[in-house]
Amino acid sequence: WLKPSGSAARPNLFCAATRSSKVMGKTRVISKGYRHGTRDKYSKKYRTKGLPGLARYLVNFKRGDFVDIVADPSVQKGLPYSFYHGRTGIVFNVNRNALGVEVTKIVGNRQLRKRIHVRIEHVRKSRCNEAFRQRVRENDLKKQQARKEGKSIVCKREPVGPKEMKTVEANPDEVEVLALLPFVENYF
């Protein structure tokens, strides 16, 4: 069959454009940097931007303390990896400017104890065991009072058991029996 006369002279521009885009490949880069995916995680709230105050540096930490790792993006030095932001760990080492913190991480079906060093700007004292310490103090007072009175006391927490048994009484006149109605075939 015959081709139109001008088609051989004109190149197909549409095919050239699609061909060049296939050659280029992906035009967007998948970021794999140390701080990737932290646009919201490392953003500070309104009117809290800037460097931390002096009180952040004057906190005393000891080995065995529970600490929360909260990354402060205004301080780039000693910044923990984004996974550890918001995690709670135990201090195992105290340096001049940093703390060694042991955090548990679930990998697959096991728990790993990860040890990382984080600068003090990115760490704050945790309140996770406050209720436990308060309970210990109260129990110690109870034990002292019981010793003075010569009694033995149990400080264990008992789980709340089932509710007490009760019987419900009603007048026979007020009782309404709910029963199914018999099925009636009515095809009219």
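Reference entry: report on the structure contained in this document.

1. Quick word on the overall build of the chain
Phase 1: Summing up its helical and strand segments, the chain has 2 helices and 5 strands in all.
Phase 2: When the elements of the chain are put in sequence order from the N terminus, they spell out α-β-β-β-β-β-α.
Phase 3: Each of the 188 residues in the chain was classed as buried or not, and the buried ones make up 18%.
Phase 4: Accessible area for the chain stands at about 17,400 Å²; split by element, carbon and sulfur atoms hold 55% of it.

2. Comments concerning the sheet that holds strand β1 (residues 66–69)
Phase 1: The 5 strands lie next to each other as β4-β3-β2-β1-β5, forming an open sheet whose pairing is antiparallel. The strands lining the two open edges of the sheet, one partner per strand, are β4 (110–119) and β5 (123–125). Shown here is a sheet whose adjacent strand axes are inclined to one another by a mean of 40°, direction ignored.
Phase 2: The pairing of strand β3 (residues 98–107) with β4 spans 10 bridges and is antiparallel. Bridge pairing links Leu 99 to Val 118 in β4.

3. Topic: the packing of aromatic side chains
Phase 1: Scanning all chains against the criterion turns up 2 aromatic pairs.
Phase 2: Taking the centre distance of 5.1 Å and the plane angle of 85° together, the rings of Phe 83 and Tyr 84 count as edge-to-face.
Phase 3: Classification of Tyr 84 by relative accessible area gives buried; the value is 8%.
Phase 4: For the cation-ring pair, Arg 87 lies above Phe 83, with the distance from its terminal atom to the ring centre recorded as 4.1 Å.
Phase 5: Taking NZ or CZ as reference, Arg 115 lies 4.1 Å from the ring centre of Phe 92, over its face.

4. Describing the layout of surface pockets
Phase 1: Of the pockets and cavities examined, the largest pocket occupies roughly 280 Å³.
Phase 2: Lining the largest pocket we find 14 residues, and of these Ser 43, Lys 44, Val 70, Ala 71 and Arg 124 sit closest to its centre.
Phase 3: Classifying every residue of the lining of the largest pocket gives 4 nonpolar, 3 polar and 7 charged.

5. A few points about unusual backbone geometry
Phase 1: Positioned with a positive phi, Arg 47 is a non-glycine residue whose angle comes to about 65°.
Phase 2: Position of Arg 47 among the secondary structure elements: in the loop between α1 (13–24) and β1.

6. Let's talk about the pairing of β3
Phase 1: The pairing of strand β2 (residues 87–94) with β3 spans 4 bridges and is antiparallel. Bridge pairing in β3 links Val 91 to Val 101.
Phase 2: Taking the residues between adjacent antiparallel strands as the criterion, β2 and β3 are bridged by 3 residues.
Phase 3: Between the end of β3 and the start of β4, which pair antiparallel, lie 2 residues, with Gly 108 showing a positive phi angle near 65°.

7. Structural notes on the side chain of Glu 121
Phase 1: Locating Glu 121 in the fold gives a position in the loop between β4 and β5.
Phase 2: What makes Glu 121 buried here is its relative accessible area of 5%.
Phase 3: Apart from residues lying up to four places away in sequence, Glu 121 is in contact with Pro 52, Arg 56, Tyr 57, Val 70, Asp 72 and Val 75.

8. Notes on the nonpolar core
Nonpolar side chains in soluble globular proteins tend to end up buried together.
Phase 1: Among the nonpolar cores identified, the biggest contains 12 residues, and these are Phe 61, Val 67, Ile 69, Tyr 84, Val 91, Leu 99, Val 101, Val 103, Ile 116, Val 118, Ile 120 and Val 123.
Phase 2: Of all the elements in the fold, those that place two or more residues in this core are β1, β3 and β4.
Phase 3: Leaving out residues up to four positions away in the same chain, Val 67 has contacts with Phe 61, Arg 87, Thr 88, Gly 89, Val 91, Val 101, Val 123, Arg 124 and Ser 126.

Rules used throughout
Numbers given for residues are sequential positions, taken from 1 along each chain in its written order. Local features in this predicted model are restricted to residues whose pLDDT is 70 or higher, and side-chain atom pairs enter the listing and the counts only when it is 80 or higher, whereas totals over whole chains, interfaces and linings include all residues. Water and hydrogen atoms play no part in the side-chain values, which are based on all heavy atoms of the structure. A run of DSSP states H or I qualifies as a helix once it reaches four residues; a run of E qualifies as a strand once it reaches two. Both are numbered from the N-terminal end. Type-normalised accessible area, obtained with a 1.4 Å probe on protein chains alone, sets the label of each residue: buried when under 20%, exposed when over 50%, and partly exposed for intermediate values. Residue-level accessible areas treat just the shown protein chains as cover; the underlying method is Shrake-Rupley with a 1.4 Å probe. For two strands to pair, DSSP has to find at least two bridges joining them. In this analysis an axis means a line fitted to C-alpha atoms, helices contributing only their contacting stretch, and an angle means the value between N-to-C directions, from 0 to 180 degrees. Stacked, edge-to-face and tilted are the three classes for Phe, Tyr and Trp ring pairs, Trp counted by its six-membered ring, which pair at centre distances within 6.5 Å; planes under 30 degrees apart are stacked, over 60 edge-to-face, the rest tilted. Ring-over charges, as used throughout, are those where CZ of Arg or NZ of Lys falls within 6 Å of the ring centre and within 35 degrees of the ring normal. As defined here, a cavity is a set of points on a 1 Å grid over the protein atoms alone where a 1.4 Å probe fits but cannot get out. A pocket is an open set with protein on both sides within 12 Å along at least five of seven lines, and residues line them when an atom is within 4 Å of a point. Grid points are joined across faces, edges and corners, and a volume is the space filled by probe spheres set on the points. Each residue gets one of three labels, nonpolar for Ala, Val, Leu, Ile, Met, Phe, Trp, Tyr, Cys and Pro, charged for Asp, Glu, Lys and Arg, and polar for the others, Gly among them. By definition in these notes, contact holds between two residues if any of their heavy atoms fall within 4.5 Å. For this analysis, a nonpolar core means a set of buried residues of the types Ala, Val, Leu, Ile, Met, Phe, Trp, Tyr and Cys, connected via side-chain atoms within 4.5 Å.

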